[in-house]
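Chain and residue survey
Residues per chain, in single letters:
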Amino acid sequence: MSLKSIQMLKKIIFALLATLVMAGGILFYLGDKNNSGERNFLPLLRDKLFDEPKEPVNVIFCMTTLQMVIAEKIIEKYPNEKFYAVLISLDKNEKYDYYFQRLKSKAYRAYSFYYDGKDRWRNRNFFPIMLELKLKANLLPKVKSIYLSNIDSESIACFINTHPEAEVNTFDDGTKNLIENTSFTRDDVFYMKNKNQRRFFNIINDGLTITKVREKSQKHYTIFKELHNVMDNGKRKMVYLPLFNASKLKSNIIKKDTIKILLGTTEEEMKAISEKAVKHYGIKYTSRHPRQKYKLDGVEILESKLIIEDYILKEIEKNPNTQYEIYTFFSGAAITMKDFPNLNVYAIKPTSLPKDYFLNPVQKLYQQVGIQILEFKDK
């Protein structure tokens, strides 16, 4: 059989598999009213059948808005290479849509996949999702390099195992990369709800673990300068990747106004504490976290499709005589913004929270970089 015939046979097999899974996906959707995600099946299949790039491509995975900004910077470093950008997200909102479209404009191809973070562990959702991701991984062209942040993601693992010869490079996921004893550092298997899910995952991914994914990483891009990164094992190449350029902005001595902004959190248990902090510090505005579901009372919401770093840079440029104050509990944005002109960053430390609460390791980082910590007696 000729090489051309073999390639055609492969394409026919892929088309049949795609049809089967797509049919299953329709049934899956009929019983899954909570998942309104984009499947993007047909574009992948079309590319595989009719428009597959001649040279290998890079695939870069994102799960948050910050990761999409980092992905843009990585793509810009390699202008002569083709990148497939894949967004696998638990959320779909204005911020995610804006940064995905921006990333899409810089990538050779871009695909998004949204699913409910809780519902995916129900058996009737888990198995179709894993099958679909596995098929999508096979529909990709030959992969040269895979870039990812979430080494603990079972979804991304489906792609890594499908392309074992691809070089793996990693990049930061905020302050999670600066704190020991997180899911990034554990020597563990991927989280599964039950034995059947784990058994199925291991079958389709050859028993891939977080440890194996971490060990595959040859290069790591970090947005935090001169801070120890959990991915720095002394052997892996570490590359500093600055994200936000405030060099064109100048600090103005004359300040006519002060604007105070509280950075929101995804943790709903922080709602009452946040509302007390807003009142105590006289904060007028809050910037909601891209994955924040609840609203705060007694404070105005900054309605913007931009993440806080991009938003503040634009505001400083527009209002050079305004002093901005950022208040946060544990946001990594505090570190990336701390050197912006006309901006002061404060970390709030509520006394009501237990000593082992998860914000404590982040606030140790704040001390290292010189961010002032305000002890807040909220009880």
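1. Some remarks on unusual backbone geometry
- One non-glycine residue, Glu226, adopts positive backbone phi at about 60°.
- Positionally, Glu226 belongs in the loop between β6 (217-222) and β7 (237-240).
- Its identity as a non-glycine residue notwithstanding, Asn342 has a phi of 60°, on the positive side.
- Along the polypeptide, Asn342 turns up in the loop between α11 (333-337) and β12 (343-350).

2. Thoughts on the sheet that holds β7
- Taken together, 7 strands build an open sheet; the order of strands is β3-β2-β1-β4-β5-β6-β7 and the sheet is parallel. Edge positions in the open sheet fall to β3 (109-114) and β7, since each of these has one partner strand only. Taking each pair of neighbouring strands and ignoring which way they run, the sheet shows an average axis angle of 20°.
- With 4 bridges joining them, strand β5 (residues 167-171) and β6 adopt parallel strand pairing. Following the sheet pairing, Asn169 is matched in β6 by Lys219.
- The strands that helix α4 (residues 94-104) touches are β1 (57-62), β2 (83-89) and β3; relative to β3, the one it contacts most, it runs at about 155°.
- Where helix α6 (residues 154-162) meets the sheet, its contacts fall on β1, β2 and β4 (143-148), and the angle it forms with β4 comes to roughly 160°.

3. With respect to the environment of Tyr285
- The residue Tyr285 is located in strand β9 (residues 285-287) in this model.
- Through-space distance from the C-alpha of Tyr285 to that of Ile326 is 9.8 Å; in sequence the pair is 41 residues apart.

4. Overview of the confidence of the model for the protein chain
- Taken residue by residue, the protein chain gives an average pLDDT of 84. The fraction at 70 or more is 86%.
- The element-level mean pLDDT for the protein chain is lowest in helix α1 (residues 3-30), coming to 61, with β5 highest at 97.
- In this model residues 27-36 is a low-confidence stretch, pLDDT under 50, and it forms 19 contacts with partners more than four residues away in sequence or in other chains.

5. A few points about the sheet that holds strand β10 (residues 300-301)
- A sheet is described by the order of its strands in space; here 6 strands give the open sequence β10-β9-β8-β11-β12-β13, paired in parallel fashion. Every interior strand has two partners, whereas the edge strands, β10 and β13 (372-376), have only one.
- Sheet analysis places strand β8 (residues 257-263) next to strand β11 (residues 322-328), joined by 6 bridges and oriented parallel. Across the sheet, the residue bridging to Ile261 is Ile326, located in β11.

6. Digging into the nonpolar core
- Grouped together as the largest cluster of nonpolar side chains are 79 residues, with contacts concentrated most on Ile60, Ile74, Ile312, Ile335, Met337, Phe340 and Leu343.
- Residue contributions to this core peak at 7 residues, all from helix α3 (residues 65-77).
- Beyond its immediate stretch of four places on either side in the chain, Ile60 contacts Ala71, Ile74, Ile75, Phe83, Tyr84, Ala85, Val86, Tyr147 and Phe171.
- Within the second largest apolar cluster, 42 residues are counted, among which are Tyr84, Phe126, Val143 and Ile156.

7. Side note on the side chain of Asn150
- Checked against the element boundaries, Asn150 lands in the loop between β4 and α6.
- One polar contact links Asn150 to Gln67, side chain to side chain, over a distance of 2.8 Å.
- With residues up to four places along the chain from it excluded, the contact list for Asn150 reads Met63, Gln67, Ile156, Asp173 and Phe184.

8. Overview of empty space enclosed by the protein
- Within the structure shown, the criterion is met by 2 cavities of 30 Å³ or more.
- Approximately 80 Å³ is the volume attributed to the largest cavity.
- Taken together, Leu44, Val86, Ile88, Tyr111, Ser112, Phe113, Leu133, Lys136, Leu140 and Phe159 make up the lining of the largest cavity.
- At the level of secondary structure, the elements contributing two or more residues to the lining of the largest cavity comprise β2, β3 and α5 (123-139).
- By residue number, the principal contributor to the lining of the largest cavity is β3, which donates 3 residues.
- Its residues assigned to classes, the lining of the largest cavity shows 8 nonpolar, 1 polar and 1 charged.

9. Topic: the packing of aromatic side chains
- Under the definition given, this model contains 13 aromatic pairs.
- When the centroid spacing of 6.0 Å and the interplanar angle of 40° are considered together, the rings of Tyr84 and Tyr108 count as tilted. Remark: Tyr108 occurs in the loop between α4 and β3 and Tyr84 occurs in strand β2; sequence separation between them is 24 residues.
- With a relative accessible area of 1%, Tyr84 lands in the buried category.

Reading guide: rules and limits
Residues numbered from 1 in each chain as written. Predicted model: local features only at pLDDT ≥ 70, side-chain atom pairs only at ≥ 80, totals over all residues. Heavy atoms only, no water. Helix = DSSP H or I, 4+ residues; strand = E, 2+ residues; numbered from the N terminus. Pairing = 2+ DSSP bridges. Axes fitted to C-alpha atoms, helices over the stretch in contact; angles between N-to-C directions. Contact = heavy atoms within 4.5 Å. pLDDT = per-residue confidence, 0-100. Core = buried A, V, L, I, M, F, W, Y, C linked by side-chain atoms within 4.5 Å. Buried < 20%, exposed > 50% of the residue type's maximum accessible area, 1.4 Å probe, protein only. Polar contact = N/O pair within 3.5 Å; in protein donor to acceptor, adjacent residues only side chain to side chain. 1 Å grid on protein atoms, 1.4 Å probe; cavity = no way out; pocket = protein on both sides within 12 Å on 5 of 7 lines; lining within 4 Å. Points joined across faces, edges and corners; volume = space filled by probe spheres on them. Nonpolar A, V, L, I, M, F, W, Y, C, P; charged D, E, K, R; others polar. Phe/Tyr/Trp six-rings, centres within 6.5 Å; stacked < 30°, edge-to-face > 60°.

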